[in-house]
Amino acid sequence: MIEQLEELRSKALADLGQVDDAKRLEDWRVTYLGKRSALNQALRGLATLDASDRRVVGQIGNDVKRLLEAEFVARQSQIDRKTREFELVRERLDVTLPGRPLPVGQVHPITKVVGEIVEAFHGLGYDIVEGPEVETDKYNFALLNIPAEHPARDRWDTFYVKTDGVPIGQHLLRTHTSPMQVRVMERSRPPIRVVVPGRCYRYEATDATHESEFTQIEGLAVDEHLTFADLKGTLTAFAHAVFGAERRTRFRVDFFPFVEPGAEMAIDCHVCHGAGCRLCKHTGWLEIMGAGMVHPRVLEGVGYDSSTYTGFAFGMGAERIAMLKYGIDDIRTFYANDLRFLRQFR
Ligand code: PHE
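Residues numbered from 1 in each chain as written. Predicted model: local features only at pLDDT ≥ 70, side-chain atom pairs only at ≥ 80, totals over all residues. Heavy atoms only, no water.

Caption draft 1: Geometry of the pairing of strand β9 (residues 285-294). In terms of residue burial, β9 counts as a mostly covered element, since eight of its 10 residues are buried. Summarising the sheet, strand β8 (residues 259-268) and β9 pair through eight bridges and their orientation is antiparallel. Its bridge partner lying in β9, Ala-266 is registered against Glu-287. Bridging between β9 and strand β10 (residues 309-317) involves four bridges; their strand directions are antiparallel. Within the sheet, the bridge partner assigned to Met-293 lies in β10 and is Phe-312. (Buried < 20%, exposed > 50% of the residue type's maximum accessible area, 1.4 Å probe, protein only. Helix = DSSP H or I, 4+ residues; strand = E, 2+ residues; numbered from the N terminus. Pairing = 2+ DSSP bridges.)

Caption draft 2: Molecular detail of the site of the ligand. His-176, Ser-178, Arg-202, Gln-216 and Gly-315 are the nearest of the 15 residues found near the ligand. Separating a nitrogen atom of the ligand from a side-chain N or O atom of His-176 is a distance of 3.0 Å. The protein chains hide 93% of the 320 Å² of surface that the ligand would expose on its own. The site holding the ligand turns out to be the largest pocket. In terms of residue count, β10 provides more of the shell around the ligand than any other element does, three residues in total. Here the residues of the shell around the ligand sort into seven nonpolar, six polar and two charged. (Near = heavy atom within 4 Å. Polar contact = N/O pair within 3.5 Å; in protein donor to acceptor, adjacent residues only side chain to side chain. Areas by Shrake-Rupley, 256 points an atom, 1.4 Å probe, with all protein chains shown as cover. 1 Å grid on protein atoms, 1.4 Å probe; cavity = no way out; pocket = protein on both sides within 12 Å on 5 of 7 lines; lining within 4 Å. Sits in = over half its atoms within 2 Å of the grid points. Nonpolar A, V, L, I, M, F, W, Y, C, P; charged D, E, K, R; others polar.)

Given below as structure tokens:
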């Protein structure tokens, strides 16, 4: 009998541990504390026992009953509290309210255009590399055939950087991505085909077509037997990819110290198709980049034999390409952070 009661107690307590809502709690109460519960029946059966047994068993039976009743009450208040908390939350939570939209970002128009340009060259087998924005005189100028005091330096308005222990004038913010021509040639051997996107800096008086911070994309190909025809073919393929397959191209002589011959490349205006309009300033042509055959002195400067190797290089401004492509007439809009402007380039 005593054993039975103890078994009953542990079973009841174990079952109660599983109870987590009011309905199951009521079922539990009926099973273990109800009129027809095993416990109640046992207690009623006490009458058949003799006096001394009745006292001992009765005592234990009542203890079990009291324990189960106390546990029942404790569980009940626990479940009540949980239900109330849940209802409070439900009152605060209006599930019919539409969700707040998460603002979705987008890439900056210049990042987008750089991606398109670089992709066009990637399709032609070019690697993409990047280089330092703080350069040395040696890479930005000297090894590009622009010696100190040479008047060609006037073409680039330079921000110099002060570095402890380095004479003023040695460190600067790169004025173009061309120093990467030299860095790439130094660390690899032909055949070379790379494009280099990156930020450049010039000490400019800012206006609609000049910013002191801008983006260039440099290109370099070095190999045996490369000629100006390769330059023209490559850049024409690029113009077709970015400005449309029907574009015509024009190459005219220009001067850059690190190329010989040097050229300026133009495409026929994609707005008026050469007839003349505001975008092309009524010339029918849009100049899009500088280019040329790598100067033998630049090749020799990095230890290449210029009678074996030839190459071509080009450099363009991403902002200018974007302005021409999208008909934007002020370069400053790119960096004014006006979302009404930036959101137009999805
Ligand atoms: N680095 C030149 C500039 O900034 C552009 C250029 C690059 C010209 C490569 C020729 C070859 O104006």
